[in-house]
Amino acid sequence: RTVSHISKDMSEMTISSFPLLLLLVYLSSTAFAFVPNSILISAKKVPFLTMSSSNPSSTTEGECAAAKAADEAFAATGNPLPNLPIPPPLLSTTPGSWAYDTMSRRVDEEILQRTYEENEEEFQSPDFAEALSNMEALRNELRNAANTKLRHLLPLTEEQAKDPERVEEWQQWYDIMNPYVEAGDTWLTAPWMVTEFFVYRRFMEALGYFDPSNAATCMWDPFLKAKRAGLDTSFASAENLMEKVEALPNTKEGVELAAAFALWGNKMDLSIWPADAANSDVDVFSDVLAAAEKNLLHDDLITLASYCETLREEGGGVIDIIVDNAGFELVTDLALADHLVASGVAREVRFQLKSHPTFVSDALEKDLLETVETYAKLDASTYPFAKKAGERWKSYLENNQWTCHENSFWVQGAAMWEMPSKLRTNLKENCNLAFVKGDANYRRLLGDRYWDYTAPFQDVVGAYFPCPVCALRTLKAEVGCGMEKDQVERASSLDDNWLVN
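Residues numbered from 1 in each chain as written. Predicted model: local features only at pLDDT ≥ 70, side-chain atom pairs only at ≥ 80, totals over all residues. Heavy atoms only, no water.

This next bit is on the overall build of the protein chain. A count of helical and extended segments in the protein chain gives 18 helices and 6 strands. The buried share among the 501 residues of the protein chain stands at 59%. Nonlocal contacts in the protein chain, meaning residues at least 24 apart in sequence, comprise 81% of its contacts between residues at least 6 apart. Accessible surface computed for the protein chain: about 18,700 Å², of which carbon and sulfur atoms make up 50%. (Helix = DSSP H or I, 4+ residues; strand = E, 2+ residues; numbered from the N terminus. Buried < 20%, exposed > 50% of the residue type's maximum accessible area, 1.4 Å probe, protein only. Contact = heavy atoms within 4.5 Å. Areas by Shrake-Rupley, 256 points an atom, 1.4 Å probe, with all protein chains shown as cover.)

Take the pattern of salt bridges next. For the coordinates displayed, the defined rule picks out 31 salt bridges. For arginine 473, the salt bridge is made with aspartate 439, and the minimal N-O distance between the two is 2.8 Å. Placement of the pair is arginine 473 in strand 6 (residues 469-474) and aspartate 439 in helix 16 (residues 439-445), with a sequence separation of 34 residues. By relative accessible area, aspartate 439 is classed as buried at 7%. Put simply, Asp101, Arg105, Glu109 and Glu110 are held in one network by salt bridges that share partners. (Salt bridge = Lys/Arg side-chain N within 4 Å of Asp/Glu carboxyl O.)

The next point concerns the environment of proline 155. Tracing the backbone through its elements, the reader meets proline 155 in the loop between helix 4 (129-143) and helix 5 (164-183). The class for proline 155 is exposed, based on a relative accessible area of 65%. Sequence-wise, proline 155 and valine 167 are 12 residues apart; in three dimensions their C-alpha atoms are separated by 9.8 Å.

Most of strand 6 is tucked away, with 6 of its 6 residues classed as buried. Residues of strand 6 alternate between two faces, with Val469, Ala471 and Arg473 on one and Cys470, Leu472 and Thr474 on the opposite face, all of them buried. Looking at chain direction, strand 5 (residues 433-437) and strand 6 are connected through 4 bridges and run parallel. Note that in strand 6 the partner of alanine 434 across the bridge is valine 469. (Pairing = 2+ DSSP bridges.)

Our focus in this paragraph is the packing of helix 1 (residues 65-75) against helix 5. One way to put it is that helix 1 packs onto helix 5 with a least axis distance of 9 Å and a crossing angle of 140°. The angle between the axes of helix 1 and helix 5 places the two elements in the oblique class. Relative to helix 5, the crossing made by helix 1 is right-handed. In this structure, helix 1 contributes Ala66, Ala67 and Ala70 to the contact, and helix 5 contributes Pro179, Tyr180 and Ala183. Its residues placed into classes, the contact of helix 1 with helix 5 shows 6 nonpolar, no polar and no charged. (Axes fitted to C-alpha atoms, helices over the stretch in contact; angles between N-to-C directions. Parallel < 35°, antiparallel > 145°, perpendicular 65-115°, else oblique. Left-handed = near helix turned anticlockwise from the far one by under 90°. Nonpolar A, V, L, I, M, F, W, Y, C, P; charged D, E, K, R; others polar.)

Time to look at unusual backbone geometry. If you check the backbone angles, methionine 219 has positive phi at about 65° while not being a glycine. Inspection of the secondary structure puts methionine 219 in the loop between helix 6 (192-207) and helix 7 (224-232). Residue classification places methionine 219 among the partly exposed residues on the basis of a relative accessible area of 43%. Phi at aspartate 448 takes a positive value of approximately 55°, unusual for a residue other than glycine.

Another point: the environment of leucine 231. For leucine 231, the position within the fold is in helix 7. Each C-alpha atom of the pair leucine 231 and tyrosine 375 lies 9.4 Å from the other, and the pair is 144 residues apart in sequence. In contact with leucine 231, other than residues within four places in its own chain, are Gly327, Glu370, Thr371, Thr374 and Tyr375.

Before going further, it helps to examine helix 14 (residues 384-398). With 15 residues, helix 14 extends 21 Å between its outermost C-alpha atoms, agreeing within 8% with the 21 Å of an ideal straight helix rising 1.5 Å per residue. Within helix 14 the residues assigned to the buried category are Ala386, Lys387, Ala389, Gly390, Trp393, Tyr396 and Leu397. Looking at the buried positions of helix 14, the neighbouring elements they touch are helix 8 (235-246), helix 12 (328-342), helix 13 (365-376) and strand 4 (402-406). Immediately downstream of helix 14, the backbone of asparagine 400 shows phi near 60°, a positive value. (Expected span 1.5 Å × (residues − 1).)

Confidence in the prediction of the protein chain, expressed as mean pLDDT, is 84, and 81% of residues score 70 or more. Taken together, the stretch residues 27-60 has pLDDT below 50 and engages in 130 contacts with residues farther than four places along the chain or on a different chain. (pLDDT = per-residue confidence, 0-100.)

The geometry of helix 13 relative to helix 14 is characterised by a closest axis approach of 7 Å and an angle of 135° between their N-to-C directions. With respect to helix 14, the element helix 13 is oriented oblique. With respect to the hand of their crossing, helix 13 and helix 14 are arranged in left-handed fashion. Along its contact with helix 13, which presents Leu368, Leu369, Val372, Glu373, Tyr375 and Ala376, the element helix 14 presents Ala386, Lys387, Gly390, Glu391, Trp393, Lys394 and Leu397.

Right under this line is the structure:
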């Protein structure tokens, strides 16, 4: 497929205390009457690790033989793939990398430890004794990640095996993990994307999340308290944001601003920056927005707005938002969806949500519904604009202008070009534009591979994605594409940690 890259020079960027952000859009030339384009936006935050600023494709990290064999097997299926040769995936074997730190330390010492502390009363109760023991066993595996070989999920119980959805999800994970289990790979030697998603699925197994034999742990969300804290501290920022959203014009400029709000909302990731109750009445997001323009690396929002204008003129399209985090970021996604419907760009917004708790703050359908209900019940004298927004959101759900869809694919460590045929067909036939939110979803768009940072987004993602796509992402991993060479050089010269902080 022939594609082109539209770029636009921006004002001088000042790297400050804000994360690198990407907004990339591919518009399929086969479905629409104009040239396909890509969009990129970028900015920055505080160092976590000391890392090389060179292109990761030049590192000495070895390839995973099982991943290479799996790539070859998928290529033989004839399904759409990136136009460019597919590079090797990120592994977790290089000390000092974000992947290594995540799998060898951060998941255990920070995420699971904090989850235990937030739910200590539950974990110390008799009903959670087995879950606590299983959780500790998983943590011991991660403490010895370099030497612990991966295994499959445990076989389904007789009761679970009666549920076709559970059987399908279990088989999908078996197929994803089998190359690495058979090869004897460890938590560090298998691709990072695979192991990072799998560790959360293993955590669900440890808890008995899908096991109906224990009512206390079945469908119990260990991250709910963290997500609710994020929700409860969002109101002050949301009040000012919703005042802006309500005043957005039904024009291209309105779409540009609404998309920018959602882009910058990806800064709020509870797995890295837990909610701070002390700031519940502080509008921190306005400071982010105020610094947004000077932190941009590249901006093609005009292309996105022009396409949305076409959808508006045609009576509105079906727009999917592949959701990332709950908390304030979800509020910014709802604000985007609000404007898309209110302005006539979308006749329906479909929220694609996670099917089980993962990555701490990733949103389930119940998180979205709770957010809407909470905002609709806010005190009108304190948060008038946020309350009105909640009431609008509630009406969108009641009128099916907003719909929620959970799918196991969104919580699995497979590249998005490996999307199941049923989901791919649904997006191809029914979706006019998909917004893909967040770092983990973006990594999956790129297969979590060592692409050259300047590789065109259309050649990497547009070549295979089944519908027009816009990716909005804060960099928290050493992977990216679609960036201009001079901007990459400038970012890396200003901060060695620009890829992860």
